[in-house]
Amino acid sequence: MFHKEGFKIILVSFTITMVVALIAHYCIDIEWIRLTIQLSAFVFLIAILQFFRNPKRITPKNDTHIIAPVDGKVVVIEEVFEKEYFKDKRLQVSIFMSPLNVHVTRYALGGKVTYSKYHPGKYLVAWHPKASEENERTTIVVDNPVFGEVLYRQIAGALAKRIVNYAKVGDTAVQGEDAGFIKFGSRVDVYLPLGTKVKVQLGDKVKGGVQVIAEK
């Protein structure tokens, strides 16, 4: 199963792969060169298919839990001052996605979307300390009956050139459902109320839509 954001790229990549393979088959007589070109084309196609995969996840919905919004590695757990929306201290949990991870963004909790804003910006590496404030990003806030308002931020990385955000103000966010996509490497920050119990540690690898990363 593949994400809808990848359909066009997958079709183009499949066409390019077939054309390259056929040209190599009919136009190159040296076998090892022909096979190398054909293999390289198919490896490219497999890489594209792998990146846009969208595995089915069954989310155990629970308003007292915050689930991982994406697959990846926990790179930040710290108390910070969130200055865009809350303008006060929050507990930040950041998950970094490599190009090999599933890049679907899922709602970490259920509730009403109260804020959704896109910010153009730079393309620093996603783990850079200033990436959260200077990179291209989207900021979304979901109002949950247990946690109150929780903010999450999709951040572009050095390779990510497009952030897709489906959340609109007034939408009902359903925990675990598709909330967007970030193409080619990135990071998601989650800003939780102080006192929230974090259930992961730095360096942990998490599974989006399934794994609990914090609880009330």
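Please read all numbers here as calculations on a predicted model, not as lab measurements.

Parameters at a glance
Residues numbered from 1 in each chain as written. Predicted model: local features only at pLDDT ≥ 70, side-chain atom pairs only at ≥ 80, totals over all residues. Heavy atoms only, no water. UniProt positions renumbered as here; feature names shortened; annotations may be inferred. Helix = DSSP H or I, 4+ residues; strand = E, 2+ residues; numbered from the N terminus. Phe/Tyr/Trp six-rings, centres within 6.5 Å; stacked < 30°, edge-to-face > 60°. Lys NZ or Arg CZ within 6 Å of the ring centre and 35° of its normal. Contact = heavy atoms within 4.5 Å. Pairing = 2+ DSSP bridges. Expected span 1.5 Å × (residues − 1). Buried < 20%, exposed > 50% of the residue type's maximum accessible area, 1.4 Å probe, protein only. Arc of directions from axis to C-beta.

## Points about the UniProt feature "transmembrane region" (unreviewed entry) in the chain
- This chain's UniProt record puts "transmembrane region" (unreviewed entry) on residues 7-26 and 32-52.
- Secondary structure content for residues 7-26 is 100% helix and 0% strand, and the end C-alpha separation is 29 Å.
- Between the end C-alpha atoms of residues 32-52 there is a gap of 31 Å, over a span that is 95% helix and 0% strand.

## With respect to the packing of aromatic side chains
- Counted under the stated rule, the structure contains four aromatic pairs.
- Each residue in the set Tyr85, Phe86 and Tyr115 is aromatic and connected to the rest through ring pairs, giving one cluster.
- We note Lys4 situated over the ring of Tyr166; from NZ or CZ to the ring centre the distance is 4.6 Å.
- Over the ring of Phe86 we find Arg90; its NZ or CZ atom is 3.7 Å from the centre of that ring.

## Comments concerning the environment of Lys199
- Its location among the elements puts Lys199 in the loop between β12 (197-198) and β13 (205-206).
- Distance in space between the C-alpha atoms of Lys199 and Val212 is 6.9 Å, their sequence separation being 13 residues.
- Apart from the residues within four sequence positions on either side, Lys199 is in contact with Val212, Ile213, Ala214 and Glu215.

## Describing the pairing of strand β5 (residues 111-119)
- Across two bridges, β5 lies against strand β9 (residues 172-173) in antiparallel orientation. The residue of β9 that forms the bridge with Lys112 is Thr172.
- The pairing of β5 with strand β6 (residues 137-144) spans seven bridges and is classified as antiparallel. For Tyr118, the partnering residue across the bridge sits in β6 and is Thr138.

## Quick notes on the side chain of Ser13
- Within the secondary structure layout, Ser13 lies in helix α1 (residues 7-27).
- When sequence neighbours within four positions are dropped, the list of residues in contact with Ser13 reads Phe44, Leu45 and Ile48.

## Considering α1
- For α1, which comprises 21 residues, the first-to-last C-alpha distance of 30 Å matches the rise-based estimate of 30 Å (1.5 Å per residue) to within 8%.
- Looking only at α1, the buried set comprises Ile10, Ser13, Thr17, Ala21 and Ala24. Looking down the long axis of α1, one finds its buried residues gathered within 70 degrees of arc, a one-sided arrangement. Summarising the geometry of α1, the exposed residues directed more than 90 degrees from the buried face are Lys8, Leu11, Tyr26 and Cys27.

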